[in-house]
Amino acid sequence: MVRMPGERVFNGIAYTLLALVGLAAVLPLLYVVSVSLTPYGEVLKNGGYVLIPKHLTLSAYSKLLETSNIFRSLQVTVLITVVGTLINLVLTTLMAYPLSRKNMPWRSFFLGMVVLTMLFGGGIIPTYLVVKATGLIDSIWSMILPNAIWSFNVLIMKSFFENLPEELLESARIDGAKEFRILRQIVVPLSKPSLITIGLFYAVGHWNQFFAAIMYVTDRRLYPLQVVVREILMMTQQPLESAENMVPTVTMQMSAVVLASLPIIVVYPFLQKHFTKGMLLGSIKG
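Residues numbered from 1 in each chain as written. Predicted model: local features only at pLDDT ≥ 70, side-chain atom pairs only at ≥ 80, totals over all residues. Heavy atoms only, no water.

Asker: I tried to follow the environment of Met-113 on my own but got confused; where do I start?
Answerer: Note that Met-113 resides in helix 5 (residues 107-119). With a relative accessible area of 38%, Met-113 lands in the partly exposed category. Separated by 38 residues in the primary sequence, Met-113 and Ser-151 place their C-alpha atoms 9.5 Å from one another. (Helix = DSSP H or I, 4+ residues; strand = E, 2+ residues; numbered from the N terminus. Buried < 20%, exposed > 50% of the residue type's maximum accessible area, 1.4 Å probe, protein only.)

The following block contains the structure:
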């Protein structure tokens, strides 16, 4: 197939723009990783900017784990992510499936209530008062239960359930299966791509938990990873005399960013296939 000159010019411009966008995304990541693996003296010698380190060291990571409570915060974040995502998926599925049934009484009303929560929120102060009144202040649950269901994800799951073959569900009803059994044995197994996609959305949200932690948690032992990383990044770069109170250097700051981002980066490639498939199957058709 012969390409016209105008088509080759267009492709060249498109490829150049894509390459520039790719570099804009990759270079900051490369900088963060490189600085975290570079000796502090070499970083100072290069004015704080290192893309390809001449020498590699893990000293920043070892100091980070020794002089901060980042390991405890990592445990808290993992707990929040695992437990919170399971609760999110169960509640979202139980809410989306009834809304996907066209014969559900008051279906339009409940759908309107779901959409309404996407347009209007209760506000910071009323939400804080609700969390306080329910006794969730200074607990792990204050970072899980207030965001137990995301309305947008409910609508995605509802759309996916509506696209399942109605004949399959009807045949199960003829055989005597009740709705909960249909959901558990037919709908959920067929919805794995969409569930994995929604689960990834929830997991990333929990892993990046920050605002709820600084609002509802004052016990430093319950701080999630992102709050501790924020504290590390806000510290100055001048080390104190006491080893227990050492203020992190820029290499320690970058290593904290890498530790906070690495788990999601590692997990995502294994879920990418299901993520793409789930987004296509769960998309709202016009």
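Read on, since the account is not over.
Asker: So what exactly am I meant to see when it comes to the environment of Val-35 here?
Answerer: Structurally, Val-35 can be placed in helix 1 (residues 5-36). As for Val-35 and Thr-57, which are separated by 22 residues in sequence, their C-alpha atoms are 10.0 Å apart. For Val-35, the contacting residues outside a window of four places in its chain are Val-43, Gly-48, Val-50, Val-250, Thr-251 and Met-254. (Contact = heavy atoms within 4.5 Å.)

Asker: Would you take a moment to explain unusual backbone geometry for this structure?
Answerer: Of all residues except glycine, most have a negative phi; of all peptide bonds, most are trans. The phi torsion at Trp-106 lies on the positive side, around 60°, for a residue other than glycine. Structurally, Trp-106 is set in the loop between helix 4 (70-100) and helix 5.

Asker: Could you clarify how one ought to interpret the packing of aromatic side chains in this entry?
Answerer: In the structure shown here, the tally under the stated rule is six aromatic pairs. Plain terms: the ring middles of Tyr-97 and Phe-161 are 6.0 Å apart, the flat faces sit at 75° to each other, and that makes the pair edge-to-face. You can see Tyr-97 sitting in helix 4 and its partner Phe-161 sitting in helix 7 (residues 151-162), a full 64 residues away along the chain. There is no split in this pair, since Tyr-97 and Phe-161 are both buried. Where Trp-150 meets Tyr-202, the ring centres are 4.8 Å apart and the plane angle is 55°; that geometry is what we call tilted. Of this pair, Trp-150 sits in the loop between helix 6 (124-133) and helix 7 while Tyr-202 sits in helix 10 (residues 192-207), and the two are 52 residues apart along the sequence. According to the relative accessible area criterion, Trp-150 is partly exposed, its value standing at 29%. (Phe/Tyr/Trp six-rings, centres within 6.5 Å; stacked < 30°, edge-to-face > 60°.)

Asker: Quick question: what am I supposed to make of the pattern of salt bridges here?
Answerer: Side-chain pairs of opposite charge can arise where the charged atoms are in close proximity. Applying the stated criterion across every chain yields a total of eight salt bridges. Residue Arg-173 pairs with Glu-170 through a salt bridge whose shortest N-O separation is 3.3 Å. Taken together, the positions of Arg-173 and Glu-170, both in helix 8 (residues 166-174) and three residues apart, correspond to about one turn of that helix. For Glu-170, a relative accessible area of 37% gives the class partly exposed. Of the charged contacts in the structure, one is a salt bridge between Glu-231 and Arg-220, with a shortest N-O distance of 2.9 Å. Of this pair, Glu-231 sits in helix 12 (residues 225-234) while Arg-220 is found in the loop between helix 11 (211-216) and helix 12, placing the two residues 11 residues apart along the sequence. What emerges from the salt-bridge pattern is a single network uniting Arg-101, Glu-166, Glu-170, Arg-173 and Glu-179. (Salt bridge = Lys/Arg side-chain N within 4 Å of Asp/Glu carboxyl O.)

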